[in-house]
Amino acid sequence: MDEEMLLHSTELEVNGETFSINIFCSSAGRFFAKTCLGEDDYIITDGSSLPETLQKHENLLPLAIGTRELTQSYLGYPRRPRGRRV
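Digging into the side chain of His57
Point 1. Along the polypeptide, His57 turns up in helix α1 (residues 50–75).
Point 2. Every residue in contact with His57, bar those within four places of it in the chain, is listed here: Ile21, Ala33, Lys34, Thr35, Ile43, Ile44 and Thr45.

Topic: the nonpolar core
Soluble globular proteins tend to bury their nonpolar side chains together.
Point 1. Listed in full, the 12 residues of the largest apolar core are Leu12, Val14, Phe19, Ile21, Ile23, Ala33, Leu37, Ile43, Leu54, Leu61, Ala64 and Ile65.
Point 2. Leave out the neighbours within four places in its chain, and Leu54 touches His8, Thr10, Ile21 and Ile23.

Topic: the pattern of salt bridges
Point 1. Counted under the stated rule, the structure contains two salt bridges.
Point 2. For Arg30, the salt bridge is made with Asp46, and the minimal N-O distance between the two is 3.2 Å. Here Arg30, found in the loop between β2 (17–26) and β3 (31–38), pairs with Asp46, found in strand β4 (residues 41–47); they are 16 residues apart in sequence, far enough to count as distant.
Point 3. For Arg30, a relative accessible area of 39% translates into the label partly exposed.
Point 4. Here Asp46 falls in the partly exposed class, since its relative accessible area comes to 39%.
Point 5. A salt bridge links Arg68 to Asp41, with the shortest nitrogen-to-oxygen separation between them at 2.8 Å. Linking Arg68 in helix α1 with Asp41 in strand β4, this pair joins segments that are 27 residues apart in sequence.

Parameters and conventions
Residues numbered from 1 in each chain as written. Predicted model: local features only at pLDDT ≥ 70, side-chain atom pairs only at ≥ 80, totals over all residues. Heavy atoms only, no water. Helix = DSSP H or I, 4+ residues; strand = E, 2+ residues; numbered from the N terminus. Contact = heavy atoms within 4.5 Å. Core = buried A, V, L, I, M, F, W, Y, C linked by side-chain atoms within 4.5 Å. Buried < 20%, exposed > 50% of the residue type's maximum accessible area, 1.4 Å probe, protein only. Salt bridge = Lys/Arg side-chain N within 4 Å of Asp/Glu carboxyl O.

What follows is the structure, given as structure tokens:
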């Protein structure tokens, strides 16, 4: 079983909502960032270093959030209240 260690936590504001980003390192030496977007909904980005992983994640997170909002709107789901996601 691959163990992971939390190395860094930060927050990113996207469209008035604050999202937590946690960066881990696996025992295999790979880095990955993880953000919870909703119940059982996560975005995970990997990279070869902490700075690279964080940069990739910060670049992709707004796209992932926007895509989910468009999908929810299209499917007619009620809009979630804005706020902090941890």
